[in-house]
Every structure is written in structure tokens, then in C-alpha cells.
Amino acid sequence: MVGSLRMKFSRQTTLRSQATVTGVGVHSGRPVNLTIGPASIDAGYIFVRTGLDGGDREIQANAKSVVATELATVLGDSDGPLVSTAEHVLAALRGMGVDNATIEVDGPEVPIMDGSAAPFVAAIDQAGVREQSAPRRFIQILKPVRVSHGDSFGELRPYAGGFRVEVEIDFANPVIGRQNYTLGVEPEAFRREIARARTFGCMSDVARLWEMGYALGASFENSVVFDDERLLNAEGLRYADECARHKLLDAIGDLALAGLPILGAYRSMRGGHKLNHSVLTALLADRTNFRVIEAETTRRSVRGHAEAVTRLAGGMVAPAYGPDMS
């Protein structure tokens, strides 16, 4: 039995209003506007691609919508890709405890901004978060689910303390090397420890990526870049282990495609978007791997003060996914 966790919110959340960010696509190099806004109860995350000749296209952001995982998570449908590089805005929404949101994009990919999720967190702050009337639901991991790709592996496993993500990277580039980072995912920890971690790459890969049509919008303003001997960004790193933290950010965004907040622990070794998606697909393929549980709110007196406690079916206590809106 998990010890009691003090909570403010047990209900679903959405945004109070809309907020827009403007930037370029890191791979396409094209200017793009992204607007996040409210969505109804149980809507999850809905991408709306605007500005198309045939009219707007809408897609539910879930594991089945993933059509590619090469260098970014790409969502699409039977008509083809809809929006690329979805992981950073999804990480911001999940990390900040937003359950339901629309994400309108007028270009082929989410703007890279500064390479981190911080601009999307700022947009969430600008829009505001409000509680909805329905209880929050969770995917509770019941047994380990592990996928290996060569010397890489990812695993989801039961964990009584909420949603925990552990990432380890191991790059041949000696400046990056081996790093790891672990986070119990809740809004203030996400904001403080993860949101500002930027995407990264090696200068030796740039020519190959350009030939493949990738990284056309990459720059020192939106990417951390290394050569074989040093960091090339004049302003330096935001964290000594920024690369591991960014991989953890990506994992949160990719796992947001589960459709509901996860109660469990995720561990990734030498992973990336493809591995994250493979583990999520393996989880959802077998209903004995998980169950969907619903929060219940009770009131109790704690040292003379009334306090909301979120309990789940089966006696678990849910983690504080909801943002502090006091």
C-alpha cells in the first residue's frame, strides 16, 4: 500500500484559453505557428493541422497515430503524415498535468523553438489550466513490459509511487559519453529539472542529415551541438547532463501517446523515439499488462485542515499530476 500523498486535484484538466507560439521546424526549416487550447473531457490530445488545401485535418495523438520515429515522432493517418516532432509539446502537456488539449499547427511539424519544452510550458502558463468535472483516469502498469533493440532496451514496470522515468545514454562521442537521469514526473519537477533541456546532436552528422532532408532548420539557437572534442554552443550547457535530461523529456512526450497518465516506471537504456514507441505498443497490445483506473476524491482533516486526497480503485493513492492552481 502506498503511503498517503497529499493532493489538490483528482479531476481532469484542460486549458482555460488559447496561447500561440511561433518558430521554425527543425527538420523542414519552414516557419510555423502552434496554438494550444482547451478540449473536452476525455478528449486527450488532439492535433489539428490547419492551412491545408483540402481543409483542416484532425488526429488523436495516440500510439496508433505514429507513422514514423526517425529522429522525431511523426503522427499521421491513412492519408499520410500530419505533424512531425510532436514530442516536446506533448511532454510539456503531460509533464504539467494537462489531460485534454487541442494543438493547432499550420505547418508540417511542431516548431522547435529553443530545442526544449520550456516555450510550451510558458504557453501553458499563459493559457492557464482549469479543472474539469470528470475524474482523472490512469493507466496502471501491472507487469513488466520490455523491448530490446540490439544493445538498447526500454521497460515499463509496476511502480507504486506515481510515474517515474529513468534514462541512460551512452554515446561514442567522448564529449557526451555516458549520462543518466531519473525523475518522478510531476509539474514542478518537470518545470525545474527537465523542461529547459534542449535537443542535441553532433556536427559530424550534419552533412548526412542535410542529404536526407533533415535538420534544415537546426541552428545553435535551437540545438546543442558537439564536435569530437568540445561543445560548440558559445553559451554552454543549461545542465551538466543536459543530453540525458532531454532524452528523458522525449520519453515523457512519446509515452504521452498512451492516451492517459501512466502509473508505473519507465527505464530506457540507449533509447530514442523508436524504442519508446515500441515499448508503448507492446504495453497496449496485451490488456493483461495494464488496467485503467479512475481517481476518487475524498475529504479528510489533516492537522485541523480539510485536504483533498486522490485515491484510486484498488486502494492506491495517485500522484499529483494536476498543477497547483491555488
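For the structure, see preceding data.
This structure is a prediction, so every number in the text was calculated from the model and none was measured. (Residues numbered from 1 in each chain as written. Predicted model: local features only at pLDDT ≥ 70, side-chain atom pairs only at ≥ 80, totals over all residues. Heavy atoms only, no water.)

A. Local environment of the overall build of the protein chain. The helix and strand inventory of the protein chain stands at six helices and 20 strands. Looking at the protein chain residue by residue over its 326 residues, the buried ones come to 56%. A total accessible area of about 13,900 Å² is found for the protein chain, and carbon and sulfur atoms account for 48% of it. (Helix = DSSP H or I, 4+ residues; strand = E, 2+ residues; numbered from the N terminus. Buried < 20%, exposed > 50% of the residue type's maximum accessible area, 1.4 Å probe, protein only. Areas by Shrake-Rupley, 256 points an atom, 1.4 Å probe, with all protein chains shown as cover.)

B. Layout of the packing of helix 5 (residues 242-255) against helix 6 (residues 273-285). Two elements in contact, helix 5 and helix 6, have axes whose closest approach is 9 Å; the angle formed by their N-to-C orientations is 40 degrees. For the crossing formed where helix 5 meets helix 6, the hand is right-handed. On helix 6, the residues touching Asp250, Ala251, Asp254 and Leu255 of helix 5 are His273, Asn276 and Leu280. Taken together, the residues of the contact of helix 5 with helix 6 sort by class into three nonpolar, two polar and two charged. (Axes fitted to C-alpha atoms, helices over the stretch in contact; angles between N-to-C directions. Left-handed = near helix turned anticlockwise from the far one by under 90°. Contact = heavy atoms within 4.5 Å. Nonpolar A, V, L, I, M, F, W, Y, C, P; charged D, E, K, R; others polar.)

C. View of empty space enclosed by the protein. In total, this model carries one cavity of 30 Å³ or more according to the counting rule given. If you add up the space inside the largest cavity, you get close to 40 Å³. If you trace the largest cavity, you find it lined by Val167, Ile169, Lys247, Ala251, Ser268, Gly271, Gly272 and Asn276. Only strand 14 (163-170) and helix 5 provide two or more residues apiece to the lining of the largest cavity. Here the residues of the lining of the largest cavity are counted per class, giving three nonpolar, four polar and one charged. (1 Å grid on protein atoms, 1.4 Å probe; cavity = no way out; pocket = protein on both sides within 12 Å on 5 of 7 lines; lining within 4 Å. Points joined across faces, edges and corners; volume = space filled by probe spheres on them.)

D. Spatial organisation of the environment of Arg287. Looking at the element boundaries, Arg287 is found in the loop between helix 6 and strand 19 (290-302). The exposure class assigned to Arg287 is exposed, which follows from its relative accessible area of 55%. In the structure, Arg287 is positioned 145 residues away from Leu142 in sequence and 9.6 Å away in space, judged by C-alpha atoms.

E. View of the sheet that holds strand 8 (residues 80-83). Strand order across the open sheet formed by three strands is 6-7-8, with antiparallel pairing between neighbours. Each of the sheet's edge strands pairs with one partner strand only, and the pair in question is strand 6 (66-68) and strand 8. Across the sheet, the mean angle separating the axes of adjacent strands is 60 degrees when strand polarity is ignored. As defined by bridge partners, strand 7 (residues 74-77) adjoins strand 8 across three bridges and the pair is classed as antiparallel. (Pairing = 2+ DSSP bridges.)

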